[in-house]
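Chain by chain, the residues run as shown.
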Amino acid sequence: MKEYNFFLGCIAPNRYPGIEASAVKTSRKFDIELRDFKGASCCPAPGAFGSMDVNAWLALGARNICLSEKEGKDIALICNGCYKSLFEANHRLKSDPVMREKVNSILANIDYEFQGSVEVRHLIDILYNDVGPEKVKESVEVPLTGVNVAIHYGCHLLKPKFDRTFGSSERPRFFDELVEALGATSIDYKEKMMCCGAGGGVRSYKMDLALDIANEKLYNMTQANADVIVDVCPFCHLQLDRGQVEIKEKFGDVYDLPVLHYNQLLGLAQGMNPDELGLDAHEISVEPLLAKIL
Amino acid sequence: MASEGMRDPKHYQLGKTQFDPDLIKEVIALGGKNAQMCYQCGTCTASCPMGQRSGLRVRTVMRKANLGMRDVLDDPDLWLCTTCYTCSDRCPRRIMATDAIIALRNIATREKKVPMSMIKIMGAISKTGHGVPNNEANMKNRVKVGLPENPPTTHTYPEYIKDINKILEVTGLLKIREEMEAESQ
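Residues numbered from 1 in each chain as written. Chains lettered and ligands numbered in written order. Predicted model: local features only at pLDDT ≥ 70, side-chain atom pairs only at ≥ 80, totals over all residues. Heavy atoms only, no water.

## Things to note about the pairing of strand 7 (residues 228-231) of chain A
Residue and element names in this part refer to chain A. To keep things clear, this is the line we draw: Three exposure classes are used, based on accessible area relative to the maximum for each residue type with a 1.4 Å probe and protein chains only: buried under 20%, partly exposed in between, and exposed over 50%. Starting at the N terminus, helices and strands are each numbered in turn, a helix being any DSSP run of H or I of at least four residues and a strand any DSSP run of E of at least two. A pair of strands is considered paired only if DSSP assigns at least 2 bridges between the two. Orient the strands so they point away from the viewer; a crossover is then right-handed if the path from the first strand over the helix to the second runs clockwise.
What you see with strand 7 is no split at all: Val228 and Val230 on one side and Ile229 and Asp231 on the other are buried throughout. Alignment of strand 5 (residues 148-152) against strand 7, held across 4 bridges, turns out to be parallel. Of the residues in strand 7, the one forming a bridge with His152 is Asp231. Sheet analysis places strand 7 next to strand 8 (residues 259-261), joined by 3 bridges and oriented parallel. Residue pairing in the sheet places Val230 in a bridge with Leu260 of strand 8. Following the backbone out of strand 7, through helix 13 (residues 234-251) and into the adjacent parallel strand 8, one traces a crossover that is right-handed.

## Some thoughts on the domain arrangement of chain B
Where we set the bar: Where a domain begins and ends is set by an automatic assignment or by a domain database.
According to the domain assignment, chain B consists of domain 1 (2-110) and domain 2 (116-184). A separation of 31 Å is found between the C-alpha centroids of domain 1 of chain B and domain 2 of chain B.

## Looking at the domain arrangement of chain A
Residue and element names in this part refer to chain A. What counts here: What makes two residues a contact is simply this: any of their non-hydrogen atoms within 4.5 Å. Once two parts are put together, the accessible area they lose, assessed with a 1.4 Å probe and summed over both, is termed the buried area. Only one rule defines a salt bridge in this text: a Lys or Arg side-chain nitrogen within 4 Å of an Asp or Glu carboxyl oxygen. Within 3.5 Å is the distance limit for a polar contact, defined as a pair of N or O atoms, with the added protein rule that one can donate a hydrogen and the other accept it, and that residues adjacent in sequence qualify only through two side-chain atoms. Lys, Arg, Asp and Glu make up the charged group, whereas Ala, Val, Leu, Ile, Met, Phe, Trp, Tyr, Cys and Pro make up the nonpolar group; the residues left over, Gly among them, are polar.
By the assigned domains, chain A splits into domain 1 (2-123) and domain 2 (133-293). Contacts between domain 1 and domain 2 engage 26 residues on the former and 37 residues on the latter. Between domain 1 and domain 2 lies a buried interface of about 2500 Å² when both sides are counted; carbon and sulfur atoms form 66% of it. The largest per-residue losses of area from domain 1 upon contact with domain 2 belong to Tyr16, Phe30 and Asn80, which jointly make up 25% of the total buried on that side. At the boundary of domain 1 and domain 2, one finds 2 salt bridges. Glu88 serves as the salt-bridge partner of Arg164, at 3.0 Å between the closest nitrogen and oxygen. Between the two partners, domain 1 and domain 2, sit 6 residue pairs in polar contact (both at pLDDT 80 or more). Of the residues contributing to the side of domain 1 that touches domain 2, the split by class is 13 nonpolar, 8 polar and 5 charged.

Take a look at the structure:
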């Protein structure tokens, strides 16, 4: 069994607890234990915090990494924003001695020191590269045959590509393979790789513009006959789920397109009950999807 | 050296616009890798999802940064970038334009030109450790899926929050927040 410190971030535990619960439950099927990560905080939010002070952003991210270093555990996480903060902080501080010294001089004020002794992994990376689509397929009890999935990779999982390990940020395939391993169909849609619109602090700064981007994505997904949006980022998830309610209020456009985090979709395919996956806490009803599957 | 003389900002005054040759150096020092290499092809602006629906023009931002036009720091559109990094991934000069924008935002923050929406997120982190803190409705949803009311983060262990505030203090962010909050009262 492989154990990771499970870095939760903010939006999964504090808005969509089903994402947190489903990650823990589905990982156990692959002998992966996501354990409590005591004292972790916000990653902190890369768009908002990095925009105010890059060094403070790195130091706050490094504080979280240092906590895990003390326990000798690699970090697993389920949010692209957290991934940007912690993967990049870990990568930059390991590879750039000048940056490391600068950040360690900040951390010295709280008696912490970045060692560079652990890895930061997105769970989708672990599922694809360590577990593999074949084993994911073997865990399926309820194949999602006939379900059209509009995949939303989210920006910070893949970009900037030179600071990542996934290769192409224009036409990636690994997430599609993991969705198809569940028996579902990953559909192509216009501007599939476009941003959800929420990042960079824009959702809280100019919500109308953030939603306008989400609206275009939702339209394109609907045009391609999507039954469900599947993401790997709780912030994209919030933007695409709650965003549909806001878009209806502000612009009058209605989609009623269910939104699931990959771990929730995986949970359904592994035969878990929708309630234990927290699907009833979503703004947009997941019932039409469940009717198609169950 | 003649080139040294040309670096004096007064040589770069056009009308009322001041040109600060140090601006691009600051941008690069704060992470705007290769920003001085921009040859204004416009791939960034053409790739930008926000540029299609707003006044944000990444190419213009890059030009102003390179010319040292500090008025770019007052542009409210500077804060419209969602940091999707599409421009950076497509840049033929491998310029991290997104990081250049983030660097300009850092400089603007020091000049207290940061939107209050950002300051509010800092306030939440400073108080709870979370940019998006827990609430009562969510606590019930957590219990329903078999989780404790609060996650095992700073919400359960608030004794860790003081370290976060220490980092905010030594990097000068706490002071910026206090001053801006006082001014907005």
